[in-house]
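A structural walkthrough
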Amino acid sequence: MITRIQIERFKSLRHTPWVKLGRVTLLTGANGRGKSSFCQTLLALSQTWRRGMMDNLLPTGIWKDLGTFNDIVYAFDENKTIDIHINTDAERDNDFELIYCQDQENGTLGKLQSAKVGGISIIDDAGSSEYDEDEQDSDGKAPDIRLSSLRDFPSLIALERMFYVAAERKAAPALQPLDETTPYYYVAPDGSNVLNVLWKNKERNSVERVQQLLDYVLDGGRVKLEQAGDQLVLRINSVDDGSFYQPVNVGYGYSYILSLLASIVLATEGSYIIVENPEAHLHPAAQAKVMNVLMEAAMERDIQLIVETHSDHVLNTTLRAVNEHRLTVNDLQVLFFSNSKDEDDQAAAQVRNLEINELGHIQNPPLQFFEQYSIDLRALYAPTVRHE
């Protein structure tokens with residue numbers, strides 16, 4: 001699990017402080033403040049390493065199409081590298097520094113310029129390494145230099161085991177061509193392959209497990225997935241009347257949430273789930289329930305969950321979990337993103353951890369932090385001023 005991260009010169013994130021991540025991390029703040037860029041840093045690493053490319057950074061891959069390296073490096077800095085510093089909870093080999101520059105042979109890619117573990121450079125494709133004679137450990141001995149690939153560090157490379165539910169996802173279709181090449185553990189970010197993924201995992205009771213979650217989140221719901229020739233056929237029931245209907249003839253939320261529920265069901269121990277706007281198209285009560293499902297999966301299966309949200313219902317559900325001792329104050333981190341001017345008078349995203357006490361209260365919440373509900377209530381219930 002990633003415990004801390006620092007990002008430099010990735011899109012709008014010119015320089016973040018060391019930011020703590022928890023078992024459950026919420027990304028909050030107004031639109032256009034850097035939340036998506038934060039997620040995309042991890043997604044870019046994930047889609048690169050899933051391709052087995054240790055020496056590159058892929059701006060475009062299975063999770064995101066971000067263009068070229070020049071599109072993702074911060075524009076208003078003479079230094080054109082992307083620096084990513086990561087700490088994990090591994091007992092050793094838990095401090096990583098990755099620096100990417102533009103690949104001169106293929107300008108669309110990032111090239112790994114430097115990789116350090118515990119401050120020691122690792123070498124992927126050479127036969128020797130050197131170290132500074134002045135660099136010694138606490139016993140006065142020179143550090144152990146290991147020639148290795150990033151593949152040798154499980155706590156970091158676990159990022160390739162990612163499930164990503166994008167904001168621009170689709171509702172599950174009524175029909176989908178059967179695709180035997182569908183990977184077992186890859187739900188497309190937009191959910192476009194969800195029927196094939198569930199079908200591929202039918203021996204693991206994937207449909208039944210999704211149905212259980214659907215029944216809980218939406219207070220009733222059944223799904224039926226069958227093969228008809230070279231097509232997969234999805235039918236849904238929302239009222240428990242014994243009949244099944246095309247998704248278009250059932251409430252939109254039932255088919256829209258399937259890819260999110262499938263990701264929860266299929267995520268393996270030690271993996272990561274990034275979810276953008278889990279609240280979309282869901283009633284407030286369902287928003288709370290889907291967040292409970294996500295938190296339960298994270299805690300029970302050692303999954304690290306990162307959620308980008310604009311919903312006070314999602315936020316309050318996580319804070320309530322702290323209050324009810326289902327999460328500790330260390331399990332939950334809430335990041336708040338805002339904008340400010342950097343030294344060159346250019347807009348740059350700012351991010352900080354908000355303090356949460358054991359009652360689940362946010363200490364000293366910043367401006368624009370989910371206060372619209374309170375503003376509206378004060379306006380609605382303010383004393384009426386009578387004009388004579």
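Residues numbered from 1 in each chain as written. Predicted model: local features only at pLDDT ≥ 70, side-chain atom pairs only at ≥ 80, totals over all residues. Heavy atoms only, no water.

Our next topic: the overall build of the protein chain. Within the protein chain one finds 10 helices and 18 strands. Relative to a compact globule of 388 residues, whose C-alpha radius of gyration would be 21 Å, the protein chain shows 23 Å and is just as compact. In terms of overall dimensions, the protein chain has a C-alpha envelope of 75 × 75 × 40 Å along the principal axes. Going through the 388 residues of the protein chain one by one, you find that 50% of them count as buried. Within the protein chain, residue pairs in contact and separated by at least 24 positions form 62% of the contacts whose partners lie at least 6 positions apart. Of the roughly 18900 Å² of accessible surface on the protein chain, a fraction of 46% belongs to carbon and sulfur atoms. Of the charged side chains in the protein chain, 36 are positive and 57 negative; the average position of the first set lies 6 Å away from that of the second. (Helix = DSSP H or I, 4+ residues; strand = E, 2+ residues; numbered from the N terminus. Rg over C-alpha atoms; globule rule 2.2 N^0.38 Å. Buried < 20%, exposed > 50% of the residue type's maximum accessible area, 1.4 Å probe, protein only. Contact = heavy atoms within 4.5 Å. Areas by Shrake-Rupley, 256 points an atom, 1.4 Å probe, with all protein chains shown as cover. Lys, Arg positive; Asp, Glu negative; His and termini not counted. Charge placed at Lys NZ, Arg CZ, Asp CG, Glu CD.)

Attention now moves to unusual backbone geometry. Positioned with a positive phi, Asp93 is a non-glycine residue whose angle comes to about 50 degrees. For Asp93, the position within the fold is in the loop between strand E6 (82-88) and strand E7 (95-102). Of note in the backbone geometry, Asn205 takes a positive phi value of approximately 60 degrees without being a glycine. The residue Asn205 is located in the loop between helix H4 (194-200) and helix H5 (206-217) in this model. On the basis of relative accessibility, which here comes to 43%, the residue Asn205 falls in the partly exposed class.

A separate point is the packing of H5 against helix H8 (residues 284-300). Geometrically, a packed helix pair is captured by the angle between its two axes and the distance between the axes. Put simply, H5 and H8 touch, their axes get as near as 9 Å, and they point 140 degrees apart. Regarding the angle of H5 to H8, the classification is oblique. The segment H5 lies against H8, with Leu213, Tyr216 and Val217 engaging Ala286, Lys289, Val290, Asn292 and Val293. The residue inventory of the contact of H5 with H8, partitioned by class, reads 6 nonpolar, 1 polar and 1 charged. (Axes fitted to C-alpha atoms, helices over the stretch in contact; angles between N-to-C directions. Parallel < 35°, antiparallel > 145°, perpendicular 65-115°, else oblique. Nonpolar A, V, L, I, M, F, W, Y, C, P; charged D, E, K, R; others polar.)

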